[in-house]
Amino acid sequence: MRRTPATALILYLLVAAVSAQRDDRAAIVQGIDAKRESYAGIARQIWAFAEVGYQEAKSSALLQQQLRAAGFQVTAGVAGIPTAFVATFGTGRPVIGIVGEFDALPGLSQEAQTAMRRAIEENAPGHGCGHNLLGTGALAAAVAVKAWLASGHTGTLRYYGTPAEEGGSGKVYMVQAGLFKDADAIVSWHPGDRNDASPTSSTANITGKFRFHGVAAHAAAAPDRGRSALDAVEAMDHMVNMLREHVPQETRIHYIITRGGAAPNIVPDFAEAYYYARQPDMKILDGVWERILNAAKGAALGTGTTMDLELTGAVYNVLPNAYLSGVMNTNLERVGGFTYTPEEIRFAQDLQKTLTDPPDAGIGSQEKVQPPRTGAIMSASTDLADVSWNVPTVSMTTATFVPGVPAHSWQATACAGGTIGVKGMMVAAKAMALTTVDLFTDPAHIQKAKAEFDVKRGPGFVYKTRLADRKPALDYRK
């Protein structure tokens with residue numbers, strides 16, 4: 001076919017556009033790499049702060065300071081939460097959000113990159129879920145995309161600083177406050193032991209503290225005059241444990257007794273049990289929770305005590321977006337995994353020896369990107385799920401933990417504070433940044449993501465939460 005000057009020009013412009021896009025991608029990746037040591041330092045600072053849900057004052061302030069320095073406008077204390085914030089750059093559409101978390105877990109204090117249980121401070125918090133990496137990796141992605149936007153592109157970029165993911169449902173209150181209502185898409189990630197951008201769902205989760213009030217008395221001289229709040233907690237726990245046989249098998253119920261009395265010779269007049277219940281289907285979970293609540297009421301009735309409940313959290317199951325996951329997977333494969341140094345290999349091998357079960361993936365799996373899976377449901381829960389039912393949302397994991405290391409463990413804390421955690425964080429930052437730029441540059445991505453989102457939610461869907469009439473449980477970790 002003979003080329004006319006017009007077709008030659010079109011071809012030239014197409015080639016130039018592709019070349020410019022490649023240059024943009026290379027510049028974004030190089031920009032993130034250039035600040036590696038800075039981001040590693042920020043992640044380590046947040047790791048050392050180790051602040052639990054709704055108490056992340058220093059972690060939140062550090063991230064806000066970094067975003068302001070990068071040119072974002074920051075609004076702090078949103079949704080009635082002192083540590084929640086939104087940082088914004090740019091104007092107009094589309095509006096793309098990047099989500100960061102930064103809360104630690106109780107009791108998981110641990111020295112970094114140490115393959116034996118060695119707490120920095122006994123019973124103190126630690127980043128056993130890697131949220132120090134999550135918040136910092138999201139920061140790195142946001143700063144890189146901001147630089148790209150500032151070079152002559154249009155749209156609005158937001159960094160959502162979301163506290164208390166671990167049981168406090170911080171994002172739910174931010175959704176309720178309307179902070180996501182005009183967003184076109186949300187990009188996030190989570191630390192893990194593999195590089196994976198599969199469209200994965202999760203379990204819905206309801207959490208609460210059941211508080212029983214009785215009558216104190218001398219346990220030997222006047223037991224008949226007492227009404228034991230601890231008896232009520234134990235009666236409730238026994239009934240719930242029998243309930244496990246009669247719920248769908250995917251259901252998970254966990255509890256701890258947070259208060260059981262002051263001394264054995266005093267009939268306890270106060271006791272408390274802290275419950276989590278999970279299920280892949282929120283409708284089924286609602287029914288399970290009502291049965292747990294009835295067990296608590298029955299326990300109070302049977303022991304002559306009274307009971308009150310503080311609902312501390314409630315989150316949906318994630319609504320995965322397969323189209324967005326495909327976009328993210330392409331970018332994750334483009335970035336690729338990473339290798340261990342000889343020192344990191346020794347640490348990983350020693351750490352794996354401390355695990356109860358052999359790992360599914362061996363050392364070296366962090367160098368690869370796992371092939372996408374469909375229909376996967378993780379047993380864990382996240383308040384990102386509530387965002388996903390309101391805005392098309394995509395997330396992934398990267399290998400910040402040694403293969404086989406579970407989250408919420410001291411081993412995960414050891415990884416999250418070390419070089420392996422930082423390497424995985426950098427992979428996530430690059431993949432998120434590239435994915436976000438894709439969403440800014442090609443309107444078809446958002447159109448297709450929204451089409452899938454609407455179909456999966458179904459006609460007439462109305463988002464509801466048990467937390468709608470509640471304020472954030474800011475003291476739930478105290």
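Fair warning: this is a prediction, and the values are worked out from it, not measured in the lab.

Procedures and definitions
- Residues numbered from 1 in each chain as written.
- Predicted model: local features only at pLDDT ≥ 70, side-chain atom pairs only at ≥ 80, totals over all residues.
- Heavy atoms only, no water.
- Helix = DSSP H or I, 4+ residues; strand = E, 2+ residues; numbered from the N terminus.
- Buried < 20%, exposed > 50% of the residue type's maximum accessible area, 1.4 Å probe, protein only.
- Contact = heavy atoms within 4.5 Å.
- Pairing = 2+ DSSP bridges.
- Axes fitted to C-alpha atoms, helices over the stretch in contact; angles between N-to-C directions.
- Core = buried A, V, L, I, M, F, W, Y, C linked by side-chain atoms within 4.5 Å.
- 1 Å grid on protein atoms, 1.4 Å probe; cavity = no way out; pocket = protein on both sides within 12 Å on 5 of 7 lines; lining within 4 Å.
- Points joined across faces, edges and corners; volume = space filled by probe spheres on them.
- Nonpolar A, V, L, I, M, F, W, Y, C, P; charged D, E, K, R; others polar.
- Polar contact = N/O pair within 3.5 Å; in protein donor to acceptor, adjacent residues only side chain to side chain.

S.K.: Could you give me a rundown of the environment of proline 392, with the residues and numbers involved?
M.R.: Relative to the helices and strands, proline 392 resides in the loop between α10 (384-388) and β11 (393-394). Judged by relative accessible area, proline 392 falls into the buried class, the value being 4%. Counting along the chain gives 191 residues from proline 392 to serine 201, while the straight-line C-alpha distance between them is 13 Å. What proline 392 contacts, discounting residues up to four positions off in sequence, is Asp184, Ala185, Ile186, Asn321, Leu324, Ala449, Lys450 and Phe453.

S.K.: Can you explain the sheet that holds strand β3 (residues 95-101)? Please cite residues and give values.
M.R.: Sheet strands pair via backbone hydrogen bonds, and the direction of the pair is either parallel or antiparallel. Spatially, β1-β2-β4-β3-β5-β11 is the arrangement adopted by the 6 strands of the open sheet, whose pairing is mixed. Both outer strands of the open sheet, β1 (73-76) and β11, are each paired with one neighbouring strand and no more. Both β1 and strand β2 (residues 85-91) contribute to a ladder of 4 bridges, which runs antiparallel. Paired with alanine 76 across the strands is phenylalanine 85, a residue of β2. Packing of helix α4 (residues 131-150) onto the sheet brings it into contact with β2, β3 and β4 (155-162), and relative to β3 it is tilted by some 155°.

S.K.: Explain the nonpolar core residue by residue, including any values.
M.R.: With 76 residues, the main nonpolar core has Tyr159, Met396, Val402 and Met432 as its most contacted residues. Looking at which element gives the most residues to this core, the answer is helix α12 (residues 419-441), with 14 residues. Non-local contacts of methionine 396, meaning those with residues more than four positions away in its chain, are made with Ser188, Trp189, His190, Asp196, Ala197, Met328, Leu332, Ala428, Ala431 and Met432. Membership of the second largest hydrophobic core comes to 60 residues, among which are Val99, Leu285, Ala295 and Leu311.

S.K.: Describe the layout of surface pockets, and please don't skip the residues or the numbers.
M.R.: In this structure, the second largest pocket encloses a volume near 340 Å³. Around the second largest pocket, the lining is made up of 16 residues, and of these Met282, Lys283, Asp286, Tyr316 and Phe461 lie nearest the centre. Those elements that place two or more of their residues in the lining of the second largest pocket are α7 (282-303) and β10 (306-315). A per-element tally of the lining of the second largest pocket places α7 first, with 3 residues. In the lining of the second largest pocket, the residues fall into 8 nonpolar, 2 polar and 6 charged.

S.K.: Which residues make up the packing of helix α8 (residues 322-335) against helix α13 (residues 443-457), and what values go with them?
M.R.: At their nearest, the axes of α8 and α13 sit 8 Å apart, and the two run at 140° to each other. Contacts between α8 and α13 involve Ala322, Tyr323, Leu324 and Val327 on the former and, on the latter, Ala444, His445, Lys448, Ala449, Glu452 and Lys456.

S.K.: Tell me about the side chain of arginine 158, and please be specific about residues and values.
M.R.: Of note, arginine 158 is situated in strand β4. A polar side-chain atom of arginine 158 sits 2.8 Å from a polar atom in the side chain of aspartate 182. Aside from chain neighbours lying at most four places away, what touches arginine 158 is Val86, Ala87, Thr88, Val95, Ile96, Gly97, Ile98, Leu179, Asp182 and Ala183.

No statement about biological role is implied by the geometric values presented.
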